[in-house]
Amino acid sequence: MTEKLNLRLETLREELQNAWNKLKIDQKTQQISNLEEITADPEIWHNPEYAKTQNELLAKLTDEVQPWQLLKVQIDDLVDLIALDDKSLNKEIEEQISTLQDNLNSLKKTLRFTGKFDQSDAILRITAGVGGTEAMDWASMLERMYLRWAERKKLKVAHLERSTGEEAGIKTAVYEIRGTNAYGLLKSEHGVHRLVRLSPFNADNLRQTSFALVEILPVVENNDDIKIDDKDLRIDVYHSGGHGGQSVNTTNSAVRITHLPTNTVVAIQNERSQLQNKEKAMEILRGKLLQMQQEQHAESIDKLRAGESAKWGQQIRNYVLQPYKLVKDTRTKHESKDPDGVLDGKIDDFIDAFLEMS
């Protein structure tokens, strides 16, 4: 029995080490130590923006590394326990090995995030399709779904832009989602989402089909990842209509940036200063161009062609509330007969199905 336990534990240790090496846990542990030194220095707060960035990176890396370190400690403890050669402990040890194997299998899901930007934060942009109030209401339902999902995943959400409909819903909404593998998790949601339901906005209560576009963009903070020529940009400033106090509304703080070769437009007015709005708009623009590059399989952004990305093409997921209840992904064929739960943010099964297919 002891020999069998040793074999199971050795296999578990090898699996852990392979995953440990692939995820570069040792390098990330060293990076954490360096960041702890940097953030412990009071001088760092002379540059609050830099201090905030370093603290956020430290928290993100710590959240990623700690579960692996804990699992390693637990396995090492079992090695010591088996070495006691106390047969009365065999059943307990066997149960612990099974539990640790389950924990490792769960942690190994992070190995699916091998894309260049999978570990990056994400920009979530929701746009209502044609159809007036119906489409805008559908866009707001998706907005709630993703915010509920992010809350469950304990991801940080920052509101960047929101344009409401005249009667109900939203025309557009833009959020930044920060946390471990945020882009890698959310990239499955990029595309057109279709809703079929009985309309709550007309007296006849007719069945209505609505569309909304969900864009998931990587937050690209390193300018080396994508080069944008200044001559390809048109930058317009205008009065902000967003919140932020009177000073926002009486100055040209809002910024609209147009990437002329692709006619890609990003407008931000949520921040308090024109400089902050410009930086955030450029961050989103870099993400949009990278997403277009992936969709068009282009070697560089210089090869991008205007109007040839997926945009309003075929829907990736159907949400049917009438005449039956079903949510079905058109790519993975994964489905759920609980659309209310899905729209309340329970979309992990759809995300997992996409990652397993990729």
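Residues numbered from 1 in each chain as written. Predicted model: local features only at pLDDT ≥ 70, side-chain atom pairs only at ≥ 80, totals over all residues. Heavy atoms only, no water.

Note that strand E2 (residues 156–164) and strand E3 (residues 170–178) share 8 bridges and pair antiparallel. Paired with Lys156 across the strands is Arg178, a residue of E3. Two successive antiparallel strands, E2 and E3, enclose a turn made up of 5 residues, where Gly169 displays a positive phi of approximately 75 degrees. (Pairing = 2+ DSSP bridges. Helix = DSSP H or I, 4+ residues; strand = E, 2+ residues; numbered from the N terminus.)

A sheet is described by the order of its strands in space; here 3 strands give the open sequence E6-E7-E8, paired in antiparallel fashion. Of all the strands in the sheet, the pair left with one neighbour each is strand E6 (233–238) and strand E8 (264–268). For this sheet the average axis-to-axis angle between neighbouring strands, irrespective of direction, equals 15 degrees. Note that E6 and strand E7 (residues 254–259) share 6 bridges and pair antiparallel. (Axes fitted to C-alpha atoms, helices over the stretch in contact; angles between N-to-C directions.)

It is worth spelling out the sheet that holds E3 at this point. Across the sheet, 8 strands lie side by side as E2-E3-E1-E5-E4-E9-E10-E11; this open sheet has mixed pairing. Two strands bound the open sheet, and with one partner strand each, they are E2 and strand E11 (335–336). Taken together, the 2 bridges between strand E10 (residues 326–329) and E11 define a ladder with antiparallel strand orientation. Along E11, the bridge assignment pairs Lys328 with Glu335. Lying on the sheet, helix H5 (residues 133–152) is in contact with strand E1 (122–128), E2, E3, strand E4 (191–198), strand E5 (207–218) and strand E9 (317–320); it crosses E5 at an angle near 45 degrees. (Contact = heavy atoms within 4.5 Å.)

Chain-level statistics for the chain give a pLDDT mean of 87 and a share of 92% at 70 or above. Across residues 242–250 the pLDDT falls below 50, and counting only partners more than four positions away or on other chains, this stretch makes 14 contacts in the model. (pLDDT = per-residue confidence, 0-100.)

Take the packing of aromatic side chains next. As enumerated under the stated definition, the model contains 1 aromatic pair in all. A centroid spacing of 4.9 Å and a plane angle of 65 degrees characterise the contact between Trp138 and Tyr319, whose relative ring orientation is edge-to-face. Highlighted residues: Trp138 in helix H5 and Tyr319 in strand E9, separated in sequence by 181 residues. (Phe/Tyr/Trp six-rings, centres within 6.5 Å; stacked < 30°, edge-to-face > 60°.)

With 23 residues, helix H8 (residues 274–296) should cover 33 Å at 1.5 Å per step; its first-to-last C-alpha distance of 32 Å lies within 8% of that length. Immediately downstream of H8, the backbone of His297 shows phi near 55 degrees, a positive value. (Expected span 1.5 Å × (residues − 1).)

Judged by nonpolar contacts, the single largest core of 60 residues is most densely connected at Leu142, Tyr146 and Tyr319. Broken down by element, the residue count for this core peaks at 9 residues, all from H5. Among all residues touching Tyr319, those that are not within four sequence positions of it are Trp138, Leu142, Met145, His193, Arg194, Leu195, Val196, Leu326, Val327, Val342 and Leu343. Residues Leu16, Leu35, Leu61 and Leu107 belong to the second largest nonpolar core, which totals 24 residues. (Core = buried A, V, L, I, M, F, W, Y, C linked by side-chain atoms within 4.5 Å. Buried < 20%, exposed > 50% of the residue type's maximum accessible area, 1.4 Å probe, protein only.)

A pair of packed helices is captured by two measures, namely the crossing angle of their axes and the spacing between those axes. Running from N to C, helix H1 (residues 2–22) and helix H3 (residues 48–83) point in directions that differ by 160 degrees, and their axes come no closer than 11 Å. Comparing the axis directions of H1 and H3 gives the class roughly antiparallel. Here the hand of the crossing between H1 and H3 comes out left-handed. Counted together, Thr2, Leu5, Asn6, Leu9, Leu12, Arg13, Leu16, Ala19 and Trp20 of H1 and Trp68, Gln69, Leu71, Lys72, Ile75, Asp76, Leu78, Val79 and Ile82 of H3 form the full contact between these two elements. In terms of residue class, the contact of H1 with H3 is made up of 12 nonpolar, 3 polar and 3 charged. (Parallel < 35°, antiparallel > 145°, perpendicular 65-115°, else oblique. Left-handed = near helix turned anticlockwise from the far one by under 90°. Nonpolar A, V, L, I, M, F, W, Y, C, P; charged D, E, K, R; others polar.)

For the rest of this paragraph, the subject is the environment of Leu290. With respect to the secondary-structure elements, Leu290 resides in helix H8. Overall, Leu290 belongs to the buried group, its relative accessible area being 6%. Sequence separation between Leu290 and Phe117 is 173 residues; the distance between their C-alpha atoms is 10.0 Å.

So, on to the pairing of E10. As judged from the 4 bridges shared by E9 and E10, these two strands associate in the antiparallel manner. Looking across to E10, one finds that Val320 is bridged to Leu326. Here E9 hands over to E10 after 5 residues, the two strands then running antiparallel side by side. Remark: 5 residues form the turn of the hairpin made by E10 and E11, two consecutive strands paired antiparallel; Lys333 in that turn has positive phi of roughly 70 degrees.

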